[in-house]
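Each chain, letter by letter, is given below.
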Amino acid sequence: LDEVCNDGSPAVYYFSPGLTSTWVVYLEGGGWCHDLSDCGNHSLMSSVDSSEYLDFKRGTLFHARDGPLADAHVVWAAYCSSDAWVGDARVGDASFRGSRIVDALFDAL
């Protein structure tokens, strides 16, 4: 599979089912880099520890229980491709596969 983070670990997303036909897909933001030396200190290059920084509870990332998105299906994609979700390349030992991650995410939904 090519839907991988910079270090080759599999990309991850978290899903919270809703009660309506409304969907919210949140693509986490983050920095980007252009080559391996630029990526060296980037903290979101792997999905290995993604659950440790996840604070994904209905109402935390989105609106309160009575908000317009309270009953929506919510998907949160962890950012680990360092390419603003648009890359599709491998440079040395690093993968920049953001576009493939997004495509796979929507295929899965």
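For the structure, see preceding data.
Residues numbered from 1 in each chain as written. Predicted model: local features only at pLDDT ≥ 70, side-chain atom pairs only at ≥ 80, totals over all residues. Heavy atoms only, no water.

Caption draft 1: The arrangement of the state of the cysteines in detail. On inspection of all chains with the given rule, the structure shows one disulfide. Bridging C5 to C80, the disulfide has an S-S length of 1.9 Å. On the S-S bond that ties C5 to C80, the torsion sits near -70°, and the link is left-handed. Of this pair, C5 sits in the segment before β1 (13-16) while C80 sits in the loop between β3 (73-77) and β4 (89-91); the two residues are 75 residues apart in sequence, bridging distant segments of the chain. (Disulfide = S-S within 2.5 Å. Helix = DSSP H or I, 4+ residues; strand = E, 2+ residues; numbered from the N terminus.)

Caption draft 2: Structural view of a nonpolar patch on the surface. Together, Y13, F15, W23, F106 and L109 make up an exposed nonpolar region whose accessible area comes to about 490 Å². Mapping F15 onto the fold places it in strand β1. Assessed through its relative accessible area of 40%, F15 is described here as partly exposed. (Patch = residues over 30% accessible without salt bridge, like charges linked within 9 Å, V, L, I, M, F, W, Y side chains within 5 Å. Areas by Shrake-Rupley, 256 points an atom, 1.4 Å probe, with all protein chains shown as cover. Salt bridge = Lys/Arg side-chain N within 4 Å of Asp/Glu carboxyl O. Buried < 20%, exposed > 50% of the residue type's maximum accessible area, 1.4 Å probe, protein only.)

Caption draft 3: Expanded view of the nonpolar core. Residues V75, A77, Y79, W85, I101, V102 and L105 constitute the largest nonpolar core, which totals seven residues. Taken together, the elements giving at least two residues each to this core come down to β3 and α2 (98-108). The element contributing the most residues to this core is α2, with three residues. Ranked by size, the runner-up nonpolar core spans five residues in total, among them C33, C39, M45 and F96. (Core = buried A, V, L, I, M, F, W, Y, C linked by side-chain atoms within 4.5 Å.)

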